[in-house]
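Close look at the chain arrangement
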Amino acid sequence: MAEFMVVVADPDNGETYQVDVEEQDANRFLGRDLGDEVDGAAVGLDGFTLELTGGSDKAGRPMHPDVPGGSLNEILAKDGIGFNPSRDGERKRITVRGREINEETVQINAKVVSGDGDVAAAFGEGDDEADEE
């Protein structure tokens, strides 16, 4: 049975929210590729649409949007996902996961692309300072 931690980013206010999804909700993500849009109901955001932007496996290897499938692959990277060069022209062979979400994926990164309402309110995290006043 699949189980993921989904990190949802709200580009309107720059906040992120972590949600653990299991069982049927987690199965909605299996087989999806990075860049796909999914219904936010899987993470408790009814009426919102999420775009899958990244993720990682249990060893921390990042998912790479240019690598097909969900298996491990070694790529020669010059910059970008999974490698930050320390000097000009530096390249390095790194191991990354493909762009497809599968059972080996542990964390999924997503961002809100559309929806009505406030994401923080949908997660039950309102403005604490306003509640205290």
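These remarks concern the structure in this document.

A few words now on the overall build of the protein. Across its full length, the protein carries three helices and seven strands. Judged by the C-alpha coordinates and their principal axes, the protein covers about 55 × 35 × 25 Å. A buried classification covers 34% of the 133 residues belonging to the protein. Contacts spanning at least 24 positions in sequence make up 56% of the contacts within the protein whose residues lie at least 6 apart. Surface summary for the protein: the accessible area is close to 8,000 Å², and the carbon and sulfur share equals 38%.

Glancing now at the environment of Val43. One can find Val43 in the loop between strand E3 (37–39) and strand E4 (48–57). Placed 36 residues apart in sequence, Val43 and Val7 show a C-alpha to C-alpha distance of 9.6 Å. Setting aside residues up to four positions removed in sequence, Val43 forms contacts with Val6, Val8, Val19, Val21, Phe29, Leu50 and Phe123.

This paragraph deals with unusual backbone geometry. At Glu23, a residue that is not glycine, the phi angle is positive and equals roughly 50°. Tracing the sequence through the fold places Glu23 in helix H1 (residues 23–27).

Pairing between strand E1 (residues 3–10) and strand E7 (residues 105–115): five bridges, direction parallel. From the neighbouring strand, Ala9 faces E7, where its bridge partner is Lys111. When E4 meets E7, the two strands line up antiparallel, connected through nine bridges. Among the inter-strand pairings, Gly54 is bridged to a residue of E7, identified as Asn109.

Assignment of secondary structure puts Glu104 in the loop between strand E6 (92–97) and E7. For Glu104 and Glu3, which are 101 residues apart along the polypeptide, the C-alpha to C-alpha distance reads 9.6 Å. Excluding residues within four positions of it along the chain, Glu104 makes contact with Asp57, Lys58 and Arg97.

Glancing now at the nonpolar core. Side chains of a nonpolar character, in soluble globular proteins, are inclined to be buried together. Among the nonpolar cores identified, the biggest contains 25 residues, and Phe4, Phe29, Val43 and Leu45 are the most heavily contacted of them. Secondary structure elements with two or more residues in this core: E1, strand E2 (15–22), E4, E7 and helix H2 (119–122). In this structure, Phe4 is in contact with Val19, Asp20, Val21, Ala26, Phe29, Leu30, Ile101, Asn102, Thr105, Val106 and Ile108, ignoring residues within four places of it in sequence. Core analysis: the next-biggest nonpolar cluster, separate from the first, contains six residues, Val67, Phe83, Ile94 and Val96 among them.

A few words on the packing of aromatic side chains. As enumerated under the stated definition, the model contains two aromatic pairs in all. Ring centres of Phe4 and Phe29 lie 6.4 Å apart, and the angle between their planes is 85°; on these two criteria the pair is classed as edge-to-face. Highlighted residues: Phe4 in strand E1 and Phe29 in the loop between H1 and E3, separated in sequence by 25 residues. Note on Phe4: relative accessible area 2%, which makes it buried.

Cut-off values and rules
- Residues numbered from 1 in each chain as written.
- Predicted model: local features only at pLDDT ≥ 70, side-chain atom pairs only at ≥ 80, totals over all residues.
- Heavy atoms only, no water.
- Helix = DSSP H or I, 4+ residues; strand = E, 2+ residues; numbered from the N terminus.
- Buried < 20%, exposed > 50% of the residue type's maximum accessible area, 1.4 Å probe, protein only.
- Contact = heavy atoms within 4.5 Å.
- Areas by Shrake-Rupley, 256 points an atom, 1.4 Å probe, with all protein chains shown as cover.
- Pairing = 2+ DSSP bridges.
- Core = buried A, V, L, I, M, F, W, Y, C linked by side-chain atoms within 4.5 Å.
- Phe/Tyr/Trp six-rings, centres within 6.5 Å; stacked < 30°, edge-to-face > 60°.

Remember that the coordinates give geometry; whether it matters functionally is a separate question.
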